[in-house]
Amino acid sequence: KKTVRRIKCFDSLRYEPYILLPWCPPAKSAHPEPLTPYYDERFYGYGKNKIQHISHLRLMGVSFSVLPQSFVVHHPHPESSVKRVWNDKNKNKLHKNMDKLYVQYLAELKDEYSDTKGVVPQCLTPS
């Protein structure tokens, strides 16, 4: 297909798509602030940073689409020491702390964007 396809719902809210976003406002903008939110710096180490950013975009009403005839190459890399810390839930609290923060963060976003229309929902699974 050669047409842009809009994403109607996300299969998972843990989805981390590769995205292209405008960041800089128009040159003569009355509001010279970024058009795209920053990553929340409370999410550090490994885990939840990209998920929180996508959640922020979703809840502020950004639409998502698939570009036709386009691709991204992801080159696998060795597991980092930070990911090992993330995965070791018995010795480290990073995973637990980020999970807890993420729940709090979603509540903050839902309060901030409570009136937003057009939020891309999670797909309903047939029962």
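Residues numbered from 1 in each chain as written. Predicted model: local features only at pLDDT ≥ 70, side-chain atom pairs only at ≥ 80, totals over all residues. Heavy atoms only, no water.

Caption draft 1: How the structure looks around the pattern of salt bridges. Under the definition given, this model contains four salt bridges. Across the pair Asp99 and Lys48 runs a salt bridge whose closest N-O atoms are separated by 2.7 Å. With Asp99 in helix H3 (residues 94-112) and Lys48 in the loop between strand E1 (5-6) and helix H1 (49-59), this residue pair connects regions lying 51 residues apart in the sequence. Looking at Asp99, the relative accessible area reads 29%, which means it is partly exposed. Counted as one network, the salt bridges with shared partners bring together Asp40, Arg42 and Glu108. (Salt bridge = Lys/Arg side-chain N within 4 Å of Asp/Glu carboxyl O. Helix = DSSP H or I, 4+ residues; strand = E, 2+ residues; numbered from the N terminus. Buried < 20%, exposed > 50% of the residue type's maximum accessible area, 1.4 Å probe, protein only.)

Caption draft 2: Main features of the packing of aromatic side chains. All chains considered together, the criterion is met by four aromatic pairs. Between the aromatic rings of Phe10 and Phe64, the centroid separation amounts to 5.1 Å while the plane-to-plane angle is 65 degrees, which identifies the pairing as edge-to-face. Here Phe10 is found in the loop between E1 and H1, whereas its partner Phe64 is found in the loop between H1 and strand E2 (65-66), with 54 residues between them in sequence. By the burial criterion, Phe10 is buried, and Phe64 matches it. (Phe/Tyr/Trp six-rings, centres within 6.5 Å; stacked < 30°, edge-to-face > 60°.)

Caption draft 3: Spatial organisation of the state of the cysteines. Tallied over the entire structure, the rule returns one disulfide. For Cys9, the disulfide goes to Cys123, at an S-S distance of 1.9 Å. The sign of the S-S torsion, about 95 degrees, decides the handedness of the disulfide formed by Cys9 and Cys123: right-handed. With Cys9 in the loop between E1 and H1 and Cys123 in the segment after H3, this pair connects stretches of sequence that are 114 residues apart. (Disulfide = S-S within 2.5 Å.)

Caption draft 4: Representation of the environment of Cys123 within the structure. What makes Cys123 buried here is its relative accessible area of 17%. A C-alpha to C-alpha distance of 30 Å links Cys123 and Lys89, two positions 34 residues apart in sequence. Among all residues touching Cys123, those that are not within four sequence positions of it are Cys9, Phe10 and Asp11. (Contact = heavy atoms within 4.5 Å.)

Caption draft 5: Region of the structure containing the layout of surface pockets. Quantified by volume, the largest pocket comes out at close to 520 Å³. Taken together, 16 residues form the lining of the largest pocket, with Tyr18, Ile19, Ser65, Val66 and Leu67 sitting closest to its centre. Among the residues forming the lining of the largest pocket, the class breakdown is 13 nonpolar, three polar and no charged. As a volume, the second largest pocket reaches approximately 340 Å³. Around the second largest pocket, the lining is made up of 17 residues, and of these Glu16, Tyr46, Gly47, Lys50 and Lys83 lie nearest the centre. When residues of the lining of the second largest pocket are traced back to their parent elements, those giving at least two are H1 and helix H2 (81-87). By residue number, the principal contributor to the lining of the second largest pocket is H1, which donates three residues. When grouped by side-chain class, the residues that make up the lining of the second largest pocket number four nonpolar, seven polar and six charged. (1 Å grid on protein atoms, 1.4 Å probe; cavity = no way out; pocket = protein on both sides within 12 Å on 5 of 7 lines; lining within 4 Å. Points joined across faces, edges and corners; volume = space filled by probe spheres on them. Nonpolar A, V, L, I, M, F, W, Y, C, P; charged D, E, K, R; others polar.)

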